[in-house]
Amino acid sequence: MATPALAFAQLAHDCEVDGLSIENADRIAQELAKTFNVHGDEVAILRLQKTNLRFVYPGKLANVGSIPLNTNTSVAARTATTKRAEAINNFAQTKHASIFEAVELGQKSQHIAGQKDEKHTNPIQKLMTVPVVAANGVLGVIQVCRKGKSAPEAGADFGPPDLQRLVAIATALAKCFK
């Protein structure tokens, strides 16, 4: 069986011609959801455009606005500026901009066994955030979260192996972001 990074390297190769189009971002997000056993709306893909991060996935957030890199309340901006991956298993208690969390995505993405359908309406409890980096610098940020009414309800904590896997996947996907 191929490792997730190899599978994502193949997906990146398939997406390279069109880049991070809406369709390709959707394919990547669905694969990330499967890999980490989360719903599709528990995945975010952001691309760096000049000095702002813009959501590419979920597509509905692309129209809400962008995240300036110089903001001090955005975990995604911090990830891009520090180039540091993080797992935050107490995210609900972490100071962060919640404007994007408040947007009703209105999508019921792939249902994962054992998870409730209404899960997409709950707040983010646990989050992994990684920069997408190439030789010329940061290209974007990928985030995977677990939502729930409480941290225990959201599911298992993200551990170091999960974060390492997401870092490897982000590295493999960098060529899609160009």
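The structure this text deals with has already been given above.
Each value, and the rule that gives it
- Residues numbered from 1 in each chain as written.
- Predicted model: local features only at pLDDT ≥ 70, side-chain atom pairs only at ≥ 80, totals over all residues.
- Heavy atoms only, no water.
- Helix = DSSP H or I, 4+ residues; strand = E, 2+ residues; numbered from the N terminus.
- Buried < 20%, exposed > 50% of the residue type's maximum accessible area, 1.4 Å probe, protein only.
- Contact = heavy atoms within 4.5 Å.
- Areas by Shrake-Rupley, 256 points an atom, 1.4 Å probe, with all protein chains shown as cover.
- Axes fitted to C-alpha atoms, helices over the stretch in contact; angles between N-to-C directions.
- Parallel < 35°, antiparallel > 145°, perpendicular 65-115°, else oblique.
- Nonpolar A, V, L, I, M, F, W, Y, C, P; charged D, E, K, R; others polar.
- Expected span 1.5 Å × (residues − 1).

It is worth spelling out the overall build of the chain at this point. Scanning the chain from N- to C-terminus turns up six helices and six strands. Counting from the amino terminus, the chain carries its helices and strands in the arrangement α-α-β-β-α-β-α-β-β-β-α-α. Every one of the 178 residues in the chain was classed for burial, and the buried ones make up 48%. For the chain, the share of sequence-separated contacts (at least 6 apart) that also reach a separation of at least 24 residues comes to 63%. Approximately 8,800 Å² of the chain is accessible, and the part contributed by carbon and sulfur atoms is 53%.

This brings us to the packing of helix H1 (residues 4-15) against helix H2 (residues 22-36). Viewed as axis vectors pointing N to C, H1 and H2 meet at an angle of 170°, and their least axial separation amounts to 11 Å. Classified by the angle between their axes, H1 and H2 sit roughly antiparallel to one another. Contact with H1, carried on its side by Pro4, Phe8, Leu11, Asp14 and Cys15, involves Asn24, Arg27, Ile28, Glu31, Leu32 and Thr35 of H2 and no other residues of that element. Of the residues that constitute the contact of H1 with H2, the class distribution is six nonpolar, two polar and three charged.

The end-to-end C-alpha distance of helix H6 (residues 160-173) is 20 Å, a good match for the 20 Å that 14 residues give at a rise of 1.5 Å each. Residues Asp162, Leu163, Leu166, Ile169, Ala170, Ala172 and Leu173 constitute the buried set of H6.

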